[in-house]
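# Analysis of the macromolecular model
This is what each chain is made of:
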Amino acid sequence: MKSAVDIARDVNAGASAVEELERSLASIRSRNDELNVFLHVDEEGAYAAARRVDEIVAAGGSAGPLAGVPVALKDNLCTLGVPTTCSSKILDGWRPPYNATVVDRLRAAGAVPVGKTNLDEFAMGSSTENSAFGPTRNPLDPARVPGGSSGGSAAAVAANMTPLSLGSDTGGSIRQPAALCGLVGVKPTYGSVSRYGLIAFASSLDQIGPFAKTVADAALALEVIGGYDPKDSTSLNETAPQLLATLDSGVAGRRVGLVRELVEGSDDDVTRSVDRAAAVLRDAGATVVELSIPELTLGLSAYYLIAPAEASSNLARYDGVRYGLRVDAEDVAAMNEATRTAGFGAEVKRRIMLGTYALSAGYYDAYYGQALKVRTQMIAAFARAYADVDLLLGATTPSVAFAFGSKTNDPMAMYLNDVFTIPTNLSGEAAISVPFGTGEADLPVGVQLLGPGRSEPTLFAAARVLEVAEGR
Amino acid sequence: MAPLPNGWEMVVGLEVHTELKTATKLFCGCANAFGAAPNTQVCPVCLGLPGSLPVLNEHAVDLAMAIGMALHCTIAPSTFHRKNYFYPDMPKDYQISQYDLPINSGGYLDLPDGSRVSIERAHMEEDTGKTTHLGGSGRIHGADRSLVDYNRSGVPLVEIVSGPDIRTPEQARAYASELRGILIATGASDGRMEEGSMRIDANVSVRRPDAPFGTRCEIKNLNSLRSLQRAIEYEALRQIELIEDGGTVRQETRHWDEVAGETSTMRTKEEAEDYRYFLEPDLVELAPDAAWQQRIREQLGPMPAARRAALSALLSHPQPAQLDAIEVVVDLELDEYVHAAAAAQADVAIALARAANEVAGNLESRSNLTTDAFSATVLMEQRGELSATQAKTVLGDVLASGGDPAAAAAARGFEQMSSDSLSSTVAGLIDANPDEWQRYRDGDDKLAQFFIGLVMKATKGQANGKSVIAELQARR
Amino acid sequence: MSNVLRREDVAKVATLARLTLSDEELDLYTEQLSKVLQHAQDMNQLDLTGVAPTAHPFGLKNVVRADVVTPSLDHDAVMAMAPDAEDGRFAVPRIVGEAP
Ligand SMILES: [Mg+2]
Ligand SMILES: [Zn+2]
């Protein structure tokens, strides 16, 4: 499949967006039953969008920087009139009366949203096994998970169904599946992409970002969806960075910190990839230093209190009163409870319980309050590191894609999978995962580059150096 | 009320929720208007749809600060929290409310009787939707089904929490009434209790004087000043009786039943919700800077106490009836009429009476009556060109359809009665009634009414009573 | 290892969160949540006295919008979402107890 950059260039030059869409739909048809990537394909809407793009170009206009590019959307992004489920029974059949800001921006840029992809229910998980509509399979090895929670969006790009997709990253939910599916995945600076219309998991951590096969495609997508949105109070009131312009600026003169805590405990193949990435950056003119940030290891604990606490409140609204599932009962409280009990899966219930407990009278200080202080310490620790280096380097995940069911019985084992990605969500800063090398069974390994808030131009340029070294 | 038995003292603090008079809701652009068809003023935000996010209404902050300033509060950097509990009128199943850092804190309110009630805080929060109960009595108990309208969901509220400084039902009423006047004067609220735009909860406990505070009960559903007063009295007496019978007061929330005239248990302390407050991650800090605060301070007009003082200062010895009229004029914001009349050298007592009666009785059409027209009418009455009855009629006409009072008087055929013609009429009637005139001259003042009656009959009511008396006295 | 959480804690939290748990689920969640909370004890190795909590990644301030009316949703679109409706309003089974 062509890259998004190439499709947009060709469509703006007169190539047919409808034909591009048809290639995408054909590819979806050929593998969706096997992989369970899309929960809903909006053929009608996609054709309408593609035709409009073709009409604009035929009339001599420019259809935008993503003209005719088929895009897959994680099913926690609201789409006007198109089913949006969060992979939960509780929202089965719900059609939002509005579009997420990123969806409006994609459409305005000429992109063609083709459908909604599978995820761990309410984005809670690291394998896409927690979907009420069945797991998604990793296109590179269908016996393994694609990662999660944005597993469907990762699989859509990995299976060549669309060149681009959007996911959301609360504790690694873009970077981890990107690593497991051999893709570029970005967790942008908190506030740089509007959350309006992203169904909240943990509001202070959630951030929307792209999946792509190339760094350039990811940069193009982020340029389109990023930037200030008055509908999101946490949106940074500044213009979105231009990433493509500086994509090939390299890393000469940059200081990169190889972080012990972001590699420790990884499989050997993963460690080797990170070391090799350090060497590549050094060869490209960067200074690489090894450093330690001990606070990062506490991120997991803080995250698994903060995220469930916010989630327990964010998911209270699914009560059977206004939309979605209702299980009838004698009185309204019983109806709320019957609806939530039937509508939520086990992992969602587990996190709601954990978060409710962490916030409840008598336990707030020991758990949630403590976690917020750890968060302060983590931000300070990152700041100290960034006083000395421009970027940090580590692994995205401790291992390559794992087999189905291998971690589902032990939530703590599953949670440990996010240990390298979580700190960036707590700090609100930026990170990117780039496929670099392979590991067990020839499966891709993801290397992670981290930077301070608003460091995307530097991160993308460094990621591009790694990509070039891999011959892409 | 009569003093509490056996030297008991009541301790009352009030929580007043007031809706703010903004164009839109607190966190979305839906109209904040009363009375629209159900669920027509709702959007993803105020319906709590998945993915929606709140954005704070700047003008709601203006009004919240104005309330704080009028109550002498400190305005400080503040935050919003989520108060978590399930209830069908609350779309997100949490209320966004200010918690440990409210925008206004530490103020006071002085009452007309000279007492001072401290204000602990005045914080911002969002209103809930409205439920209607079907089946049974239409109340929540015994209903078999309820309907929810979310038009009110997200309407901005300010909750004003007083200190436990109130000691009598009358003081509670005076506090609520004075606060209502202040809310109206700031432009923050229309103060309409009957539409629910001002709602009161009362925390009531009893103690022996100077003893520590007793256990308090929170009384809900006080929809009028009258029910506030009645409920507090009932509740204090209930607690005293309970204690004197050897019982103890349980901390609980109680419901005031207006019809039965009693409070009953709604929820005990054990059944109280665990609200799991935490900082609202979808909103940021609210810390109005000095310039923003200054802008609001400059727009703030005088409060009712100052306005009452300014009006009474126009009278040399205000009489009780005039003080009552001032109360009405301040309450209904009719001050400008009286001040304009005073500036036009009109009689302030007449102006007050006309404002507190005729204008107050036709509030909806007050825009038809300019302050000039009002002053002119008072002057005409004062000069005897209109009788009191005629002046009232003329004001009524101008309020109904605007225009000039002289023209309105002419249209009614209220011809000017010159002092010459009044003088000759009086002279003629004295001649025709010598006995009565003599008795009047001998000091029988009641006969003034006899002559006024004759003059009115002769002039078909066009004479001014006071001018007739002046004429009679001049000849006495 | 003994559980940090007691079974009755889990039951109480379930009530707060409006979830019904079976006996097996109660046992399972007691054990699983205990493990997570046990792991969280590692936070105690940091000296956090005097540390301010951070709830927001970036300290934005005074984000407000002008008090200008924007269109509300179409009433029919709103009611089309309702699991049950009557008279243009959302219908629910009887409500036990008044709002707090
Ligand atoms: Mg309140
Ligand atoms: Zn709204």
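Residues numbered from 1 in each chain as written. Chains lettered and ligands numbered in written order. Predicted model: local features only at pLDDT ≥ 70, side-chain atom pairs only at ≥ 80, totals over all residues. Heavy atoms only, no water.

Let us look at the overall build of chain B. In terms of regular secondary structure, chain B is built from 15 helices and 15 strands. For chain B, buried positions account for 55% of its 476 residues. Across chain B, contacts joining residues at least 24 apart in sequence account for 69% of those joining residues at least 6 apart. As displayed, chain B has an accessible area near 19,600 Å², and 50% of this comes from carbon and sulfur atoms. Averaging the positions of the 45 positive and the 67 negative side-chain charges in chain B gives two centres separated by 2 Å. (Helix = DSSP H or I, 4+ residues; strand = E, 2+ residues; numbered from the N terminus. Buried < 20%, exposed > 50% of the residue type's maximum accessible area, 1.4 Å probe, protein only. Contact = heavy atoms within 4.5 Å. Areas by Shrake-Rupley, 256 points an atom, 1.4 Å probe, with all protein chains shown as cover. Lys, Arg positive; Asp, Glu negative; His and termini not counted. Charge placed at Lys NZ, Arg CZ, Asp CG, Glu CD.)

Quick look at the coordination of the zinc ion (ligand 2) now. Residues and elements named next belong to chain B. For the zinc ion (ligand 2), the full set of protein donor atoms is Cys28 (SG), Cys30 (SG), Cys43 (SG) and Cys46 (SG), and the range of their distances to it is 2.3 to 2.4 Å. One can describe the site at the zinc ion (ligand 2) as tetrahedral: its 4 donor atoms subtend angles covering 100 to 117° at the metal. In the primary sequence, the donor residues of the zinc ion (ligand 2) line up as C-x1-C-x12-C-x2-C. Separated by 18 residues along the polypeptide, Cys28 in the loop between β1 (9-19) and β2 (56-57) and Cys46 in the loop between β1 and β2 bring together distant segments of the chain. When sorted by exposure, Cys28 lands in the same class as Cys46, which is buried. (Donors = N, O, S within 2.8 Å, 3.2 Å for Na, K, Ca; no water. Tetrahedral: all angles 85-135°; square planar, octahedral: opposite > 155°, others 65-115°.)

Ranked by size, the top nonpolar core spans 261 residues in total, and within it Phe122(A) and Tyr175(B) carry the most contacts. At 10 residues, helix α12 (residues 365-386) of chain A tops the list of elements feeding residues into this core. (Core = buried A, V, L, I, M, F, W, Y, C linked by side-chain atoms within 4.5 Å.)

With that settled, the discussion passes to the interface of chain A and chain C. With 63 residues of chain A at the contact, the number on the chain C side is 52 residues. When the two sides are added together, the surface that chain A and chain C hide from each other amounts to roughly 5,100 Å², 69% of it contributed by carbon and sulfur. Summed over the three residues of chain A that lose the most area to chain C, namely Leu298(A), Met353(A) and Tyr357(A), the buried surface amounts to 13% of that side. Its salt-bridge partner being Arg94(C), residue Glu330(A) comes within 3.6 Å of it at the nearest N-O pair. At the level of secondary structure, the elements contributing two or more residues to the side of chain A that touches chain C comprise α9 (299-314), α10 (332-343), α11 (346-359), α12 and α13 (411-416) of chain A. Here the side of chain A that touches chain C gets 10 residues from one element, more than from any other, and that element is α12(A). Counted by class, the side of chain A that touches chain C contains 31 nonpolar, 20 polar and 12 charged residues. (Buried area = accessible area lost by both parts, 1.4 Å probe. Salt bridge = Lys/Arg side-chain N within 4 Å of Asp/Glu carboxyl O. Nonpolar A, V, L, I, M, F, W, Y, C, P; charged D, E, K, R; others polar.)

Below, the discussion takes up the domain arrangement of chain A. All names here are of chain A. Structurally, chain A comprises domain 1 (4-242), domain 2 (255-296 + 377-469) and domain 3 (301-365). Placing the centre of domain 1 and that of domain 2 at their C-alpha centroids yields a distance of 23 Å. In this complex, domain 1 contributes 43 residues to the contact, which on the side of domain 2 involves 43 residues. Here domain 1 and domain 2 share an interface that buries about 3,100 Å² over both sides, 59% of which is from carbon and sulfur atoms. When residues of domain 1 are sorted by the area they lose upon contact with domain 2, Arg144, Arg175 and Val215 head the list and together hold 22% of the total. Where domain 1 meets domain 2, there are 2 salt bridges. (Domains from an automatic or database assignment.)

Another aspect to go through is the environment of Thr189(A). Relative to the assigned elements, Thr189(A) resides in the loop between β5 (184-187) and β6 (208-212). Spatially, the C-alpha atoms of Thr189(A) and Ala431(A) are 7.9 Å apart, while their sequence positions differ by 242 residues. When near neighbours in sequence (up to four residues on either side) are disregarded, Thr189(A) contacts Gln207(A), Leu236(A), Gly428(A), Glu429(A), Ala430(A), Pro452(A), Gly453(A), Arg454(A), Ser455(A), Glu456(A) and Phe58(C).

This part is about helix α2 (residues 23-40) of chain C. For α2(C), which comprises 18 residues, the first-to-last C-alpha distance of 26 Å matches the rise-based estimate of 26 Å (1.5 Å per residue) to within 8%. Buried within α2(C) are the following residues: Leu26(C), Tyr29(C), Thr30(C), Gln32(C), Leu33(C), Ser34(C), Val36(C), Leu37(C) and Ala40(C). Residues of α2(C) that are buried make contact with α9, α11, α12 and α13 of chain A together with α1 (7-16) of chain C. (Expected span 1.5 Å × (residues − 1).)

A separate point is the pattern of salt bridges. On inspection of all chains with the given rule, the structure shows 63 salt bridges over all chains. As a salt-bridge pair, Arg167(B) and Glu9(B) come within 3.7 Å of each other at their nearest N and O atoms. Note that Arg167(B) is positioned in the loop between β10 (156-162) and α2 (169-186) and Glu9(B) in strand β1, a separation of 158 residues in sequence. Measuring nitrogen to oxygen at the nearest pair gives 3.1 Å for the salt bridge that ties Arg250(B) to Glu252(B). Relative accessible area serves as the criterion here: at 47%, Arg250(B) is assigned to the partly exposed category. Among the charged side chains, a network of salt bridges with common partners joins Arg195(A), Asp232(A), Arg82(B), Glu280(B) and Asp282(B).

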